[in-house]
Amino acid sequence: MFTIMGTLPFDEMGLKAGKATFEGGSLKVEDFELTPSLGTSVMVASACITCEALNLELPYFVTAGDIGDGKRSKELYSYMVANLGTLDVTVLAMHYIMPDIPGMRDILDFLRETREGVTLVADAGAMYAAKAAGLAQEIDIFTPDAGEMAYLADPKATHPAYVEHLLFELDASKVVTLIKKAYESGNTPKILLVKGPVDYVVEEGEVVETINEPSISAMEAIGGTGDSLTGILSALIYGGYEKVDACIKAARINRIAGKLAQPDPSTSISHIIDKIPDALKEVRLCA
Amino acid sequence: MRILDRIKQRFGPRKKEAFEKGKGLIILNEVSEAMQAEKLLKRFGYGVRGVAPPPEIRKGCDLAVEFNLVDQLGVERLLRRNGLMPLDIVALDNLSQKPLDITKEKDFGRYLMVTAANMKITVDKEKGTIVNISGGGCPDVPYLTVSLVGNRITEVKNPGENGYSLCAYMLEKAYQKALSTVKSEQTREYT
């Protein structure tokens, strides 16, 4: 089963778990419906769109409403630990959540015993928590941007806000320096998909592919373009694509979706994720 | 002094445990303030405890409050609203390190994107509206995005007032830089 774990920004929403669907611009899980914007909602919507186009089973979405105080994030970590054993997970994508070191440690401790055949993808708060806990190597793929790459490269930082100034100030063209530094300090998984003006696919600390076409500079400003990338990537892995290949394909698909939307920096992410089916056709992943 | 000794005894054995990953320390002026802060933060559901601060950062009282660093924005705001002004807040993983206070800007012509750590805010310089927010990983970022995007940057409640996390803390820094740029653009237009 393809499972996604992440919070949604609604104060009153309790824990929900069920098959996610995305129809007519609306994401649904159980009785809850919303229009995706920045964050996990975009990731899940993009995963749904990709799964549907590739005739894959839709993702199982475990979520809870959290507006930043972290209370329901804690419930979500606990729920996952209590229920992972019964979910028959093959791909687990973890996303926006309050970075909680004990919570992430509990999930990864549980999976360490049972995770054979499970691919773990972490982005956003889940990525921060895994790195802060010193457990990045237990994840299969992180999807950081340049700012987050500086965080992974700083062995002392437990959040991107506390990164050494020198690392943050490095020019975007120096991302490879950050990748090497992060890998040397043991704060990366085996594979990284570093998103930015140039996307880097990294395996065991070595850049194995760079993707810079189509080049749509406005995408950097549009909230959710990294979330859509993680959603597409996770769905492709669930669809059986090898991890590095899935990273390369996901980066291309996300860029093509951006190109097709003809965005400027004020464009909403919803216009871009609408183009994912056409982008999948353009890379010939579906008819 | 006796009260102080009791406090030391109570919190002393935990001293070593204070150096956990991802924790921050609030340094206050007096023991009584530290105790008030601990009580207040606990009442609002924060996972905190009183600890002895490491000697190299001891500035005021020798009781400090340990908290989850990621909660920094919400914690600072709650203390401030209750009249408790920390002398300092430090990350236990790196005592000399402070949150990033620098920003980067990227000019898209009509639009300006400001980056602070992992957070980006993009404004329409002509209309003064926030058109996109990107990055982050804490749950308040999507929440703040809903209330900020599409609105004039001079009219919205700043993210520091509604956020809780370090991501919101950095969004506030990016917001302040974008706000000052928009204001100076507007001033230039009028003059």
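Residues numbered from 1 in each chain as written. Chains lettered and ligands numbered in written order. Predicted model: local features only at pLDDT ≥ 70, side-chain atom pairs only at ≥ 80, totals over all residues.

Here we come to the interface of chain A and chain B. Each side of the interface is counted separately: chain A has 45 residues, and chain B has 44 residues. The dominant element in the side of chain A that touches chain B, judged by the number of residues it contributes, is helix α4 (residues 124-132) of chain A, at five residues. Looking at the side of chain A that touches chain B residue by residue, the classes come out as 23 nonpolar, 14 polar and eight charged. (Contact = placed C-beta atoms within 7 Å. Helix = DSSP H or I, 4+ residues; strand = E, 2+ residues; numbered from the N terminus. Nonpolar A, V, L, I, M, F, W, Y, C, P; charged D, E, K, R; others polar.)

For the rest of this paragraph, the subject is the domain arrangement of chain B. Residues and elements named next belong to chain B. In terms of domain boundaries, chain B breaks down into domain 1 (2-91) and domain 2 (104-190). Every contact between the two is made by six residues of domain 1 and, on the other side, eight residues of domain 2. For the side of domain 1 that touches domain 2, the residue count by class is three nonpolar, two polar and one charged. (Domains from an automatic or database assignment.)

All names here are of chain B. Residues of chain B with pLDDT of at least 70 account for 86%, and the chain-wide mean is 85. When the criterion is pLDDT under 50, residues 7-19 qualifies, and its contacts beyond four places in sequence or with other chains add up to 17 contacts. Quick note on the complex model: pTM equals 0.89, ipTM equals 0.94. (pLDDT = per-residue confidence, 0-100.)

Attention now goes to helix α4 (residues 140-148) of chain B. Residues and elements named next belong to chain B. Buried residues dominate α4, accounting for seven of its nine residues. Three or more residues of α4 are buried, namely Asp140, Val141, Pro142, Tyr143, Leu144, Thr145 and Leu148. Backbone geometry just downstream of α4 places glycine 150 in the positive-phi region, at approximately 95°. (Buried ≥ 20, exposed ≤ 12 C-beta atoms within 10 Å, placed from the backbone.)

Quick look at unusual backbone geometry now. It is generally the case that most residues other than glycine have a negative phi and that most peptide bonds are trans. Residue and element names in this part refer to chain A. The residue after glutamate 213, namely proline 214, is reached through a cis peptide bond having omega -10°. Relative to the assigned elements, proline 214 resides in the loop between β11 (206-211) and α8 (225-238). Positive phi values are uncommon outside glycine, yet asparagine 55 reaches one of about 55°. Positionally, asparagine 55 belongs in the loop between α1 (40-53) and β5 (60-63).

Moving on to the nonpolar core. Soluble globular proteins: nonpolar side chains tend toward being buried together. By size, the foremost hydrophobic cluster in this structure holds 155 residues, and its most contacted members are Met170 and Leu171 of chain B. The element contributing the most residues to this core is helix α6 (residues 166-190) of chain B, with 10 residues. Looking at this core, you find at least three residues from each of domain 1 (2-91) and domain 2 (104-190) of chain B. Excluding anything up to four places from it in sequence, methionine 170 of chain B contacts Ala161 of chain A together with Leu100, Ala116, Ala117, Asn118 and Met119 of chain B. (Core = buried A, V, L, I, M, F, W, Y, C linked by C-beta atoms within 7 Å.)

Pairing between the strands of a sheet comes from backbone hydrogen bonds, and it takes one of two forms, parallel or antiparallel. Residue and element names in this part refer to chain B. The strand order across the open sheet built from four strands is β5-β6-β7-β8, with neighbouring strands paired in antiparallel fashion. Of all strands in the sheet, those with a lone pairing partner are β5 (104-107) and β8 (129-135), marking the two edges. Each strand axis lies, on average, 20° off the axis of its neighbour in the sheet, ignoring direction. Strand direction decides the pairing type here: strand β7 (residues 119-124) and β8, joined by six bridges, are antiparallel. Bridge pairing links aspartate 124 to threonine 129 in β8. (Pairing = 2+ DSSP bridges. Axes fitted to C-alpha atoms, helices over the stretch in contact; angles between N-to-C directions.)

Attention now goes to the pairing of strand β6 (residues 111-116) of chain B. A regular strand places its side chains so that they alternate between the two faces of the sheet. Residue and element names in this part refer to chain B. β6 sits mainly inside the fold: five of its six residues count as buried. Where β5 meets β6, four bridges bridge the pair, whose relative direction is antiparallel. Across the sheet, lysine 104 pairs through a bridge with threonine 115, a residue of β6. Between β5 and β6, which pair antiparallel and follow one another directly, the connecting turn spans three residues, one of which, glycine 109, has a positive phi of 85°. Where β6 meets β7, six bridges bridge the pair, whose relative direction is antiparallel. Paired with leucine 112 across the strands is valine 123, a residue of β7.

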